[in-house]
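# Descriptive structure summary
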Protein chains: 2
Amino acid sequence: MKRYLSLFASAAMYAAFPVSAQEVKTHPAPSEIVASAKAGEWVAIAPTDLMVMDLAPDSKGRPRRVVIQLIPEPFSQGWVGNIRKLAAAKWWDGTSINRVQDNYVVQWGDATEKKALPEGLATVEKKNYITPNWPGKVWILTGADGRRDAYAAAHGFYVGWTLAASSEGLWPTHCYGMVGVGRNLSPDTGSGAELYTVIGHAPRHLDRNIALVGRVIEGIEHMSSLPRGTGALGFYEKEEERVPILSLRLGNETKEVHAFEYLSTDSDSFAAYADARANRRDPFFSVPAGGADICNIPVPVRRKIR
Amino acid sequence: MKRYLSLFASAAMYAAFPVSAQEVKTHPAPSEIVASAKAGEWVAIAPTDLMVMDLAPDSKGRPRRVVIQLIPEPFSQGWVGNIRKLAAAKWWDGTSINRVQDNYVVQWGDATEKKALPEGLATVEKKNYITPNWPGKVWILTGADGRRDAYAAAHGFYVGWTLAASSEGLWPTHCYGMVGVGRNLSPDTGSGAELYTVIGHAPRHLDRNIALVGRVIEGIEHMSSLPRGTGALGFYEKEEERVPILSLRLGNETKEVHAFEYLSTDSDSFAAYADARANRRDPFFSVPAGGADICNIPVPVRRKIR
């Protein structure tokens, strides 16, 4: 571990003493901490790291745009390179959302499974689900009283992303909104043409078993509110149930895409936000939890304020 | 602790050695373990503990029925008694779903906030969020390498329900599908007339801060797939967006309600199921997690097989 910060060390104290009405006034809610973060604590997301998916309009004719941020090196491995090639080839245009499984995933790609892939896609080995080398400063969280991640020895944040870690290395975590690569049985790891996003409780058992390549940063409600599929694993049984993908492009190849920024996970405001997520002391709460599941500390992302 | 079972003690062994194709054939998936559980391992849920909510049919005229199981003593406190009175008074008939917040909750009740409550409802104190006395045999889980719950000193199962525990006592956990009592600022704990269910990643920071009174056991997709509200906190902004509740009745006061049963959390099959949820060794998986978040071990519930 490069750095071990006991963020929740004082949690037990709060758990023992319900906070009085007078005290809570000095404790802002997580959303208030984010809203008051300094401009310099926000980091721009490069348009080349955005992927913009336009679904067919809904039944009332309203547009449905989903914006995805691609994961950086070293976690991107060969999959994100493949995804960039697929987007450049407009490969997803005319494909569809084919699976919506409640409390699990929404999945999209070529329902016929016959559409030819572009040439030159990489094949990535499953050992690459885990990155042995620490990429730089990773902020490690731990809880009070030995409270920890149920799925890993440690967890933390790196350039705006949530990671888990063991003595073997690091890996991104299957939290709500994360985007992964569908695959067949191992050792296949998937090309990147078949993608899914998490729309339920974090299926962390998929960590290190499936590649994660990004996260939805805007418009996930256009996927999470879709009718659930009635076939096995939530696949739609009828062709007309599928949701057409009109286009899927990289952010730098899309017109009229908004700019986005994330709250630096190295910033003071992020530290205060994470602490407040783990120890709610704003007026609604009587008992701060004294810890938080890593997937309950989502990294704040917003449209860039110009 | 009455019983401390190190269910995942052997997890580290599995984590170190990806399982070969030959070995995995001997390891069924969690769903296969549940499917092959013995008839005597299933426990009937009393119709008096069911609550049946019929929403207005969807845009295609299909019925939308949601079935809720009420939580037993000692966790039911006064809230479940209130809910029985409200259902008997048909209080929710003609009310509506008013709030759908993505990755959080669906909430229902009287949108006008003016409908008179039946007489004789109990007022419950917030100390009752935590039950100091252990009700009987509680099966406590722990993970490998000290992996544990991020929100509590321990967690486990009691007569089919998921609990967390500390030296202060026990409390039910805010997992997907759990039903809770909306309230205003503490020390108010809510009457039970305003209810919500979790439709996203478990908001465990609400544990011990809000009363949990049950869980959705069938039909949650009729709530989780609703359009998200565009107002603050996901409230619907227009009256026509609200989803009418045609009726809400106890199971023993409803015609044509199915009988349900849950897999005994004291059964051998449940122990095998929980172990398999924490250590997936079925063919799709290469790396068993070595642990599981309590909300990722949902207690199996099904329509009763006659």
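For the structure given in this document, a descriptive report is provided here. (Residues numbered from 1 in each chain as written. Chains lettered and ligands numbered in written order. Predicted model: local features only at pLDDT ≥ 70, side-chain atom pairs only at ≥ 80, totals over all residues.)

Time to look at the overall build of chain A. Across its full length, chain A carries six helices and 15 strands. Counting every position in chain A, which comprises 306 residues, the buried fraction comes to 49%. Long-range contacts, defined here as pairs at least 24 residues apart, represent 74% of the contacts in chain A between residues at least 6 apart. (Helix = DSSP H or I, 4+ residues; strand = E, 2+ residues; numbered from the N terminus. Buried ≥ 20, exposed ≤ 12 C-beta atoms within 10 Å, placed from the backbone. Contact = placed C-beta atoms within 7 Å.)

Rotating chain A by 180° about the axis while translating it 0.0 Å along that axis superimposes it on chain B, leaving an RMSD of 0.0 Å. Such a combination of turn and shift is consistent with a two-fold rotation axis. Comparing contact sets, 100% of the residues at the interface of chain A also lie at the interface in chain B, consistent with an isologous, same-surface contact. (Least-squares fit on C-alpha atoms with pLDDT ≥ 70 in both.)

All right, on to the sheet that holds strand S14 (residues 260-263) of chain A then. Residue and element names in this part refer to chain A. What the three strands build is an open sheet, ordered S1-S14-S15; its pairing is antiparallel. Edge positions in the open sheet fall to strand S1 (42-45) and strand S15 (301-303), since each of these has one partner strand only. The mean angle between the axes of side-by-side strands here comes to 35°, regardless of whether they run parallel or antiparallel. (Pairing = 2+ DSSP bridges. Axes fitted to C-alpha atoms, helices over the stretch in contact; angles between N-to-C directions.)

On to the pairing of strand S5 (residues 105-109) of chain A, then. Residue and element names in this part refer to chain A. Counted residue by residue, S5 has five buried out of five residues, so it is predominantly covered. Residues Val105, Gln107 and Gly109 point to one face of S5 and Val106 and Trp108 to the other, with burial holding for every one of them. The pairing of strand S4 (residues 96-100) with S5 spans four bridges and is antiparallel. Its bridge partner being in S5, Ser96 is matched across the sheet by Gly109. Hairpin remark: S4 followed by S5, antiparallel, with four residues in the connecting loop; positive phi at Asn103, about 55°. Where S5 and strand S11 (residues 195-198) come together, four bridges link them in antiparallel fashion. Residue pairing in the sheet places Gln107 in a bridge with Tyr196 of S11.

Take unusual backbone geometry next. Residue and element names in this part refer to chain B. With an omega dihedral of 0°, the bond running from Glu73 to Pro74 counts as a cis peptide bond. One can find Pro74 in the loop between strand S3 (64-70) and helix H4 (79-88). Looking along the chain, the bond that leaves Ser186 and enters Pro187 is cis, with omega of 15°. Examined against the element boundaries, Pro187 turns out to sit in the loop between strand S10 (178-181) and strand S11 (195-198).

Residues and elements named next belong to chain B. What the three strands build is an open sheet, ordered S1-S14-S15; its pairing is antiparallel. In this open sheet, the two strands that pair with only one neighbour each are strand S1 (42-45) and strand S15 (301-303). In this sheet, adjacent strand axes meet at a mean angle of 35° when their direction is disregarded. As paired elements, S1 and strand S14 (residues 260-263) share four bridges and run antiparallel to each other. By the bridge assignment for S14, Trp42 is matched with Leu263.

This part takes up the environment of Asp49(A). All names here are of chain A. Counting through the fold element by element, Asp49 comes out in the loop between S1 and strand S2 (50-55). Sequence separation between Asp49 and Gly214 is 165 residues, and the spatial gap between their C-alpha atoms is 9.2 Å. Here Asp49 is in contact with Gln69 and Leu70, once residues within four sequence places are set aside.

Counting residues in hydrophobic clusters, the biggest one holds 154 residues, and the most contacted among them are Ile68(A), Leu163(A), Val213(A), Ile68(B), Leu163(B) and Val213(B). Beyond its immediate stretch of four places on either side in the chain, Ile68(B) contacts Leu50(B), Met51(B), Met53(B), Val179(B), Gly214(B), Arg215(B), Val216(B) and Ile217(B). (Core = buried A, V, L, I, M, F, W, Y, C linked by C-beta atoms within 7 Å.)

Residue and element names in this part refer to chain B. Structurally, Glu41 is set in the loop between helix H3 (30-35) and S1. C-beta crowding within 10 Å serves as the criterion here: with 17 such atoms nearby, Glu41 is assigned to the partly exposed category. When near neighbours in sequence (up to four residues on either side) are disregarded, Glu41 contacts Leu263, Ser264, Ser267 and Ser269.

All names here are of chain B. Taken together, the buried positions of H4 are Trp79, Val80, Asn82, Ile83, Leu86 and Ala87. The buried residues of H4 occupy an angular sector of 155° when projected down its axis, which confines them to one face. Packed against the buried residues of H4 are strand S2 (50-55), S3, S10, strand S12 (212-218) and strand S13 (243-250). At the C-terminal side of H4, Lys90 shows a positive phi close to 55°. (Arc of directions from axis to C-beta.)

What follows concerns the environment of Ile245(B). Residues and elements named next belong to chain B. You can see Ile245 is positioned in strand S13. For Ile245, a count of 21 C-beta atoms within 10 Å corresponds to the buried category. Separated by 191 residues in the primary sequence, Ile245 and Asp54 have C-alpha atoms spaced 6.1 Å apart. Setting aside its immediate chain neighbours within four residues, Ile245 contacts Met53, Leu55, Trp92, Asp93, Thr95, Ser96 and Trp108.

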